[in-house]
Amino acid sequence: MEERTVGRSGLRVSALGLGTMGWGTPGAVSDHHEARELLTAFVDAGGTLVDTADVYGAGAAESLLGELFDGTVAREDVVLVTKSGRGSGRGSRPDTSARALLAGLDASLRRLGTDHVDLWLAHAWDPATPPQEVAAALEAAVVSGRARYAGVADHSGWQLATTAAASAARGLPLVAASCELSLLAPDHADVLPAAAHHGLGVLAWAPLGRGVLTGKYRGSVPPDSRAASPVLAAWVEPYLGAGPRRVAQAVATAAAGLDASATEVALAWARDRPGVASAVVGVRTPGQLRGVLEAGELELPAEIRAVLDELSES
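All values derive from a computational prediction rather than experimental measurement.

Draft legend 1. Highlighting the pattern of salt bridges. In this structure the tally under the stated criterion is 13 salt bridges. Close ionic contact of arginine 273 with aspartate 309 constitutes a salt bridge, the shortest N to O distance being 2.9 Å. Here arginine 273 is found in the loop between helix H9 (262-271) and strand S10 (276-281), whereas its partner aspartate 309 is found in helix H11 (residues 302-313), with 36 residues between them in sequence. The class of arginine 273 is buried, set by a relative accessible area of 13%. Residue classification places aspartate 309 among the buried residues on the basis of a relative accessible area of 18%. Residues joined by salt bridges that share partners form a network here, namely Glu2, Arg4, Arg271 and Asp272.

Take a look at the structure:
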């Protein structure tokens, strides 16, 4: 699998990443056996970047992943990414105070069964915490060795720029920004230029439009899909309207012209956007993972990419 550097850093990651948002969640990847199959297949295919967070499955995703470093996959074979600061539970709000961030990181390390993560991200913008304090917490994690690199996740362009500037002023340049990036997600329009300006590589999550761009929802909702899950349906629902369906149809049309799958086209579009270091895909089954790995080989012709770029901006 292709490796890429993350921003202006020396950190190298696989161009496709394995996301664990559904791990430890009923209706997704709920047990050790399923997680082991996915992680083993991913690493065997040359994948390195594994993305998790303290709120995924209320900590269960990190715990499942940590169990797999005890004989299934060597910890040093994985570029491990986790996040802190989003807050969990109904009515919770982001808390990126130094107290919350560093306590979150320490709890993540215990669940993951490791003394460090390769990349640690502040998982939200918290208007109640000064960016200088966030930068200080990120610096403390790197200086102490608990994280090798630092960055942000789910920030808008101006929020990313503000935190990156505060961190650079302390002598710790951030290296990565994680954001949702697909033909259905509008946020990349300001995040990508801000990330490029500050030298951050982008980790693009949900590049398949939360599964909608694969075409699986064009007719009805499959009973085994996320949209049919009582836990995950609300996550998919915003992309099931008439507008997203039109985009999914356009992707399917492009795929037919290329003798490829809709998954290949959607993934290639996000993976090869300027500044993207890795496209992080959350799969639930080994079969889905095989499809994603096979899709990782497609390169879009310039004219197809231009049409899709225009579609993403409409």
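Now that the structure has been shown, we can carry on.
Draft legend 2. Just the packing of aromatic side chains, in detail. As enumerated under the stated definition, the model contains one aromatic pair in all. Each ring, one from tryptophan 125 and one from tryptophan 158, has its centre 5.0 Å from the other, and the planes form 65°; the classification is edge-to-face. Of the two residues, tryptophan 125 sits in the loop between strand S6 (117-122) and helix H4 (131-143) while tryptophan 158 sits in helix H5 (residues 157-169), which places them 33 residues apart along the sequence. Its guanidinium or amino end placed over the ring of phenylalanine 69, arginine 75 lies 5.9 Å from that ring's centre, counting from NZ or CZ.

Draft legend 3. Just the nonpolar core, in detail. Of all hydrophobic cores here, the largest spans 82 residues; its most connected members are Trp23, Leu39 and Trp120. Element by element, the count of residues in this core is highest for H9, at seven residues. The contact partners of tryptophan 23, leaving out residues within four places of it in the chain, are Leu18, Val29, Ala35, Leu38, Leu39, Tyr56, Gly57, Ala61, Leu64, Leu65 and Leu68. Counting 14 residues, the second-largest nonpolar core is a separate cluster that includes Val6, Leu49, Ala277 and Val280.

Draft legend 4. Molecular detail of the packing of helix H3 (residues 98-112) against H4. Between H3 and H4, the least distance of the axes is 9 Å, while the angle of their chain directions is 30°. If you check the angle between H3 and H4, you find them roughly parallel. Taken as a pair, H3 and H4 cross one another with a handedness that is right-handed. Of H4, the residues touching H3 (which contributes Ala98, Leu101, Leu102 and Leu105) are Glu133, Val134, Ala137, Ala140 and Ala141. The residue makeup of the contact of H3 with H4, split by class, is eight nonpolar, no polar and one charged.

Draft legend 5. Molecular detail of the side chain of arginine 273. Among the polar contacts made by the side chain of arginine 273, one reaches the side chain of aspartate 309 at a distance of 2.9 Å. Once you skip the residues sitting within four places of it in the chain, arginine 273 turns out to touch Leu181, His188, Leu192, Arg305 and Asp309.

Draft legend 6. Expanded view of the pairing of strand S7 (residues 147-153). Across the seven residues that make up S7, a large majority, five, are buried. The handedness of the S6 to S7 crossover, carried by H4, is right-handed. Handedness of the crossover joining S7 and strand S8 (residues 176-180) through H5: right-handed.

Draft legend 7. Structural context of the sheet that holds S10. Spatially, eight strands are ordered S3-S4-S5-S6-S7-S8-S9-S10 in a closed barrel, and the strand pairing comes out parallel. The average undirected angle you get between the axes of adjacent strands in this sheet is 30°. Direction of pairing for strand S4 (residues 49-51) relative to strand S5 (residues 79-84): parallel, over a ladder of three bridges. The partner of aspartate 51 across the bridge, within S5, is valine 81. Along the sheet, H9 makes contact with strand S3 (16-19) and S10, crossing S10 at roughly 145°.

Thresholds applied
Residues numbered from 1 in each chain as written. Predicted model: local features only at pLDDT ≥ 70, side-chain atom pairs only at ≥ 80, totals over all residues. Heavy atoms only, no water. Salt bridge = Lys/Arg side-chain N within 4 Å of Asp/Glu carboxyl O. Helix = DSSP H or I, 4+ residues; strand = E, 2+ residues; numbered from the N terminus. Buried < 20%, exposed > 50% of the residue type's maximum accessible area, 1.4 Å probe, protein only. Phe/Tyr/Trp six-rings, centres within 6.5 Å; stacked < 30°, edge-to-face > 60°. Lys NZ or Arg CZ within 6 Å of the ring centre and 35° of its normal. Core = buried A, V, L, I, M, F, W, Y, C linked by side-chain atoms within 4.5 Å. Contact = heavy atoms within 4.5 Å. Axes fitted to C-alpha atoms, helices over the stretch in contact; angles between N-to-C directions. Parallel < 35°, antiparallel > 145°, perpendicular 65-115°, else oblique. Left-handed = near helix turned anticlockwise from the far one by under 90°. Nonpolar A, V, L, I, M, F, W, Y, C, P; charged D, E, K, R; others polar. Polar contact = N/O pair within 3.5 Å; in protein donor to acceptor, adjacent residues only side chain to side chain. Right-handed = clockwise from strand over helix to strand, strands pointing away. Pairing = 2+ DSSP bridges.

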